[in-house]
Amino acid sequence: MMNSMSNIELVKDLKARYKIINADVVRDTQIAVDVTNGDVHSVLAYLKSQGWRQLSILTNIDWIDDGEYQLVYIIFNWDNPIWVQVRTRIDRDNAKFPTITSVYPGAKYYERDVHEFFGVEFEGNPEALQQLFLEGWDDMPPLRKDFDAKAYSDKKYSKREYTTDFNTKEDEK
Amino acid sequence: MLNLELVVLATLLGGVVAYLLSMINKRVGSAVTILVSGAVFSLLAYYGFGNSIDQTVELIPNFVMFKVTALGTFFAVLVSFVFFMVSFFNPFFAERYKYPNAFNLLYLMTLAGVVGVFYASNFITLFVFFELVVWTSMFLIPMGKGTKASITYFVFSTVGSFAMLYAIIFMAVGFGTTDIDTVLAGLTGTAALIVYGLLLVASFAKLGAYPFMVWLPKVLGNAPDPVSAVFSGGIEKMGAFIAVLAMIKISPASAMFEAVGLPVQNYIVGVIAAVTIIVGTMMAIRQDDAKKLLAYSSAANGGYILLAFTIGNSVAITGGFFHIFAHALASTAAFLAIGVVTYRTKTSKISELGGMIHHMPITYVVYLAAIISMAGIPPMGGFISKWLIFQALIQNNLVFLATAAFIGSIGSFLYVFRPLAALFLGQKLPKYKDVKEAPLLMLIPMIILTLLSVVAGVFPTLFLPMINNIMTELGFQTLMTSGFQIIGFNGTLDPALVAAVFGTGVLVVFILFMIFPKSRKVGLMDTYTGGEFIYTEELLHYSADFYAPLERLYRKEPFVNKIYDSIRIKVEELGAFVRYFFFTNKPEVTVFWIVAILLFIVWGDII
Amino acid sequence: MEEIRIKNAFPTQETAEQRGTWTELGDYFRRQSIWMLMYCTGCCAIELPQAMTTVYDMERLGMGPMATPRQADVLLITGYLSLKTLRRLIYSYEQMSEPKYIAAFGPCVLNGGIYHDSHAVLNRLDDYLPVDVYVGGCMPNPESVMNGFVDLMNLIKDGKATGWKRYRDNHEWYRANQIAAVGEVFVHDEFHE
Amino acid sequence: MILGILAGLGIALFGFTLQSSVAGINRKVVARVQKRYGPPWYQEFLDIFKGLSKRGVTHGWIFDFGVIMAVGGIIATAMFMPITSNIAAFSGLDNFFIFVYLLAVGMLGMAMSASGSGNPLASIGVMRALTQMFAYEVPFLVIVMTIIKVTGTSSLVEIMAYQGQNGWFMWTMPLGFVVASISLLGMLGKKPFETFIAPAELASGPMVEYGGKHLGLLFIMMEISHFIEVSLFVHLFLGGATTIVGYLIKYFLVYTAANLYSYLNGRFKIDQVVVFFYKWILPLAVLQAVWVLWR
């Protein structure tokens, strides 16, 4: 089974089966595949049956100018060492996406993480709405691009005021 | 002049009275048991040590004859003292029994039987009272949970009793009389060996030595606490009494084991005792139920007693008797302490309990003193007897028996500490927050037992005269003592000085402790948890399988349990075969077999 | 919150008589054998092993690592201090036996350093825990770490290392700051029940 | 009796100061081995008095009583210890078994107060300490049993006298010497058998909840128990000493050897310790006993 399907053949195989928006070979051991929302579930299920047993990570990228989130599922196959990035774009404002815990049960905590930092809701995974890392967070999800960390920091944490003792020449000009 | 026979009859009568009274009201019935056992103890103690008991027998049929000996008095006083102390617990445990009135009756009958055994002058009396104790104690056990335990107990004690019965018949045929002293003195050669072996089987069954150890945890684990306390403190000492009869009175001369200077059969018994100590200690370390743990510990201490008697010189035998005395006090106090815990929390499983010290500090102190004595640590009585036994072991350079004794004594630190740490100390579990201290009447016996074992530890010479006149009676010279010092083979020990020095040490540190800055009182939950916040006590209480790394090393059951299981299966198969063969539903087959058997019997004397 | 603010960050120096001979003697011993709590909160902690090795040898000053807060004297806050670490730090600091000191490493403790604009990092440690000694340098090299410890020893000698007294006397002020920044110090959630 | 007790307290104090200074020098020796200066020789005293001067925490009366009983028990044991053949508080009563069992009182006291503190780490540490004691104590007792049988007495002073005439037990019983030195490492709680302190796993085991004066007192207890164990070893195997100087030299050599050896190796797991002692060391001890006694 070692390297039975090289990454190019894998891309061809996926293109044959699903409507791949675009696919590129990031590295010889990693390929990235953009898929429509509906296909994500079936692509992951198919790849899992092919041996991609491990969901390495589920992250989210905030494209604020296009007003979209991009969910990235990175899965890995221990027998045929190729990482596959399955990516899909969802709307940014009321971000909703069906859960994939049926395919990868481990995704339960990743979805909770993405919800906490981006506010994406995963239907079918009620637990995802609870907080995971941030204890007692009282503001909008912090990793969204429109979240202003400095303002939050100035608001919450006291600052050390410095009195300017002397001005350099440029300041005086 | 106290007439012994009256004492025995009075206890039996007291039992009947207690039976009737507790039909009306349980507490009054158990109050009677306290009074009667107290009376028996005080009378025996007062008259026994003033050796003014007459043993004439009028009312009971003449085969019962008593003989007052120092040995008998020592055992009778000790065991009746244990009965008296434990009887304080009866009123509180009465409502927990299925038949409380029967309990009081049986309790006092057991006491009468025990007194009868120790004062018996001939073997018939000995056997009658021995069986009386077996029968009554057997019915005492199921007051608790199931009857399986009492069946196991009955099976093992019948093995012992039948062995003794066979020995008695063997001697009666050989010598005509059944008087103990004359017969035991007269035995010689192989007859002596056979009787020696049979009597030892009886004592092993009662003491819980290695081959017959299986019933101890079952009985003491399941029986209600007063009963297990009485068993471990009192009834087991009957086994020691018979061991004394066997090993010291008959010391059959046979091939000597020259390197060790012991007759061969004594060495074999020594090996059995050593194996008992090791198996008892190892199994006790593993137990989760405090009562089973103490049961195995009393088996291990039984092993020490046997070890002392096998060596046979004066220091060892005094050590053995002192160990009987110290262990009786310590294990009764420990059982009673666990009894208080079970009385208050309805369980004695260590993994379910924790932080009992905050609810019952006095019981904790009693338990602490009891385990210090059981582990043989200086200020308590247990240390004196262990010291004497070790002196004797070293003197006869018994290397392997001494190694087993050392493993037993260091192992005893482990298993005595397990209930202390996991059951009494540790976190205060919320589910026992309204548990109160033991009622006053329960505290009295425990405190008396603790004080006695402290005095036994600090001034052993006070209790030595009691043992010394046994030694003179058995024909051994007594232990050399000068003032409060005991002189063993290779060193003198001054327990009073050890205690005084220990006291000064503690005093010095107490003063130091008071000088330095006062520390801030903090709750039990405010502990170092690596900076994490934990709010549930159960998470912070370490009690389930306490010695996990050590227990992993010996996971299998002891070898002997497998033998018993296979025997049990064989017996069941035999039973099934007989039922299938004889009791078929066709009547003619059974009629045929009955006729055949009759013919077989008659056939004997026709031809 | 301003009104009970402490007048000056540096404690007033108690004269020798005020402190009495016992504390004077105690300070002599406390100065010579400072045990540090191995709680490496931030990136500056990587400099501590060097301070223990042959070249700098922290043990010369009688210092050594200790496993639990109960046994430690000095709490080293090394580097940036995140929100969640502060909660654990407050809990550990309150577990330490008095008199206790705090040594703070690096600029992130003074004004947030390079993380001053982060939502998770505190900018001024002094408002939450009383700091006795600051050690400058974004990752101070072992010499400055050793200098920091010697400064702490001198502070103890002069009786100026009284951060723990300040914490004890103004406990409400510190607690108010902590809650303002961190919300709930002793956190209750599904992971801690 | 009172004079004896005072002399005993003197010996305990002497033992404490001796052991603390020897431990301090040893910290310097180990530092020099690692090519650094190391603390002043009186660093142990500074640590202990610093601990005593601080205001710690208490978890209840059993937490304090346990510490007092432990340190008191250890001081009581040290009071019986003879320094040289003629300096001893209670001549003729320094029975070997008193040392073994009074040390057990100290261990029990600390164990009681450690598990009374309610910290699971402390209970696990105490469990490991007792299991380790179960491992290293039995071979030591077997060897000392042979010594007692050979010399015919269990009083240390007479054992010293016996070794004076016919050679130290180090030479006459080489196997016993090996067993006793490995058990000594176990008793001192030095590195190969440091399972119950284990700073990385158990955060210093039973000592986890001690701060302030409890810590100082327990350090005193540790120092005095080291004094007892090492001087027991010296009296039993190196022929004790007739003069103070001889005793100090032997004491220093034994402790430094044990200390340096302990810095060479890591830490055993607790069940490895038990298996190691019961598979190798106990058979050696029994072999030595049988060889000496039954031949």
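To be clear, the structure that these remarks concern was listed above.
Since we're looking at a predicted model, the values are computed, not measured. (Residues numbered from 1 in each chain as written. Chains lettered and ligands numbered in written order. Predicted model: local features only at pLDDT ≥ 70, side-chain atom pairs only at ≥ 80, totals over all residues. Heavy atoms only, no water.)

Undergrad: Where do I start with the overall build of chain A in this structure?
TA: For chain A, the count of helices and strands is five helices and seven strands. Counted from the first residue to the last, chain A has its helices and strands arranged as α-β-β-α-β-β-β-β-α-β-α-α. Viewed in the frame of its principal axes, chain A has a C-alpha envelope of about 70 × 40 × 30 Å. In chain A, which comprises 173 residues, the share counted as buried stands at 43%. At a minimum sequence separation of 6, the contacts of chain A that also span at least 24 residues come to 52%. Accessible surface, chain A: about 9500 Å² in total, of which carbon and sulfur atoms supply 57%. (Helix = DSSP H or I, 4+ residues; strand = E, 2+ residues; numbered from the N terminus. Buried < 20%, exposed > 50% of the residue type's maximum accessible area, 1.4 Å probe, protein only. Contact = heavy atoms within 4.5 Å. Areas by Shrake-Rupley, 256 points an atom, 1.4 Å probe, with all protein chains shown as cover.)

Undergrad: Looking at this structure, I do not really get the overall build of chain C. What am I missing?
TA: Looking only at helices and strands, one finds seven helices and five strands in chain C. In chain C, the order of α-helices and β-strands from amino to carboxyl end is α-β-α-β-β-α-β-α-β-α-α-α. In terms of overall size, chain C behaves like a compact globule, its C-alpha atoms giving a radius of gyration of 17 Å where 193 residues would be expected to give roughly 16 Å. The buried share of chain C, reckoned over its 193 residues, is 59%. Once local pairs closer than 6 in sequence are excluded, the contacts in chain C between residues at least 24 apart make up 80%. Accessible surface computed for chain C: about 7700 Å², of which carbon and sulfur atoms make up 60%. (Rg over C-alpha atoms; globule rule 2.2 N^0.38 Å.)

Undergrad: Just checking my understanding: could you explain helix α20 (residues 495-515) of chain B for this structure?
TA: Since the α-helix packs 3.6 residues into each turn, any two residues three or four apart lie on the same face. Its 21 residues place the ends of α20(B) 30 Å apart at the C-alpha level, agreeing with the 30 Å of an ideal helix rising 1.5 Å per residue. For α20(B), the full list of buried residues reads Pro495(B), Ala496(B), Leu497(B), Val498(B), Ala499(B), Val501(B), Phe502(B), Thr504(B), Gly505(B), Val506(B), Val509(B) and Phe513(B). (Expected span 1.5 Å × (residues − 1).)

Undergrad: Looking at this structure, how should I read the pairing of strand β1 (residues 20-27) of chain A?
TA: Look at any regular strand and the pattern is simple: side chains alternate between the two faces of the sheet. Residues and elements named next belong to chain A. Inspection of the sheet shows β1 paired to strand β2 (residues 30-35) by five bridges, in the antiparallel sense. Across the sheet, the residue bridging to Asp24 is Ala32, located in β2. Between the end of β1 and the start of β2, which pair antiparallel, lie two residues. (Pairing = 2+ DSSP bridges.)

Undergrad: Could you clarify how one ought to interpret the interface of chain B and chain D in this entry?
TA: When the parts come together, some accessible area is lost, and that loss is often what is quoted as the size of the interface. Each partner contributes to the interface: chain B provides 79 residues, whereas chain D provides 80 residues. Together, the buried faces of chain B and chain D total about 7000 Å²; carbon and sulfur atoms form 81% of this surface. Where Arg552(B) meets Asp271(D), a salt bridge forms, and the shortest distance between an N and an O atom there is 3.3 Å. Viewed at the interface, chain D and chain B are joined by 15 residue pairs in polar contact (both at pLDDT 80 or more). (Buried area = accessible area lost by both parts, 1.4 Å probe. Salt bridge = Lys/Arg side-chain N within 4 Å of Asp/Glu carboxyl O. Polar contact = N/O pair within 3.5 Å; in protein donor to acceptor, adjacent residues only side chain to side chain.)

Undergrad: What's the story with the interface of chain C and chain A in this structure? I'm lost.
TA: Contacts between the two partners involve 26 residues from chain C and, on the opposite side, 19 residues from chain A. Together, His119(C), Asn123(C) and Arg124(C) form the three largest contributors to the area buried by chain C at its contact with chain A, with a combined 31%. Here chain C is connected to chain A by two salt bridges. For Arg88(C), the salt bridge goes to Glu135(A), with nearest N and O atoms at 3.0 Å.

Undergrad: For this particular structure, what's the right way to read the sheet that holds strand β5 (residues 133-135) of chain C?
TA: All names here are of chain C. A sheet is described by the order of its strands in space; here five strands give the open sequence β2-β1-β3-β4-β5, paired in parallel fashion. This sheet does not close on itself; its edge strands, each paired only once, are β2 (64-66) and β5. Here the average twist between neighbouring strands, direction ignored, is 35 degrees. Pairing between strand β1 (residues 35-37) and β2: three bridges, direction parallel. Each residue of the ladder has a partner; that of Trp35, found in β2, is Gly64. (Axes fitted to C-alpha atoms, helices over the stretch in contact; angles between N-to-C directions.)

Undergrad: I'm lost on unusual backbone geometry in this one. Help?
TA: Note: most residues except glycine have negative phi, and most peptide bonds are trans. Cis geometry is adopted by the peptide bond preceding Pro99(C), which originates at Glu98(C) and carries an omega value of -15 degrees. Among the secondary structure elements, Pro99(C) is positioned in the loop between α3 (83-95) and β4 (101-105). Here the phi dihedral of Lys346(B) falls at roughly 65 degrees; this positive angle occurs in a residue that is not glycine. Note that Lys346(B) resides in the loop between α14 (314-345) and α15 (361-375). Judged by relative accessible area, which is 62%, Lys346(B) ranks as exposed. Phi angles above zero are rare outside glycine, and Asp57(C) is one such case at about 50 degrees. Structurally, Asp57(C) can be placed in the loop between α2 (47-52) and β2.

Undergrad: So what exactly am I meant to see when it comes to the side chain of Thr73(B) here?
TA: Residues and elements named next belong to chain B. One can find Thr73 in helix α3 (residues 70-87). A relative accessible area of 5% means that Thr73 is categorised as buried. For Thr73, the side chain forms a polar contact with the main-chain oxygen of Thr69, separated by 2.6 Å. Discounting chain neighbours no more than four positions away, the residues touching Thr73 are Gly48, Phe49, Val68 and Tyr119.

Undergrad: Quick question: what am I supposed to make of the pattern of salt bridges here?
TA: Between side chains of opposite charge, a pair can form as their charged atoms come close. Applying the stated criterion across every chain yields a total of 38 salt bridges over all chains. A salt bridge links Asp154(A) to Lys159(A), with the shortest nitrogen-to-oxygen separation between them at 3.3 Å. For Asp154(A), a relative accessible area of 37% translates into the label partly exposed. Taking relative accessible area as the criterion, Lys159(A) reaches 30% and is therefore assigned partly exposed. A salt bridge links Arg36(D) to Glu59(C), with the shortest nitrogen-to-oxygen separation between them at 2.5 Å. Here Arg36(D) is found in the loop between α1 (2-33) and α2 (43-53), whereas its partner Glu59(C) is found in the loop between α2 and β2 on a different chain.

Purely geometric numbers; function is a separate question.
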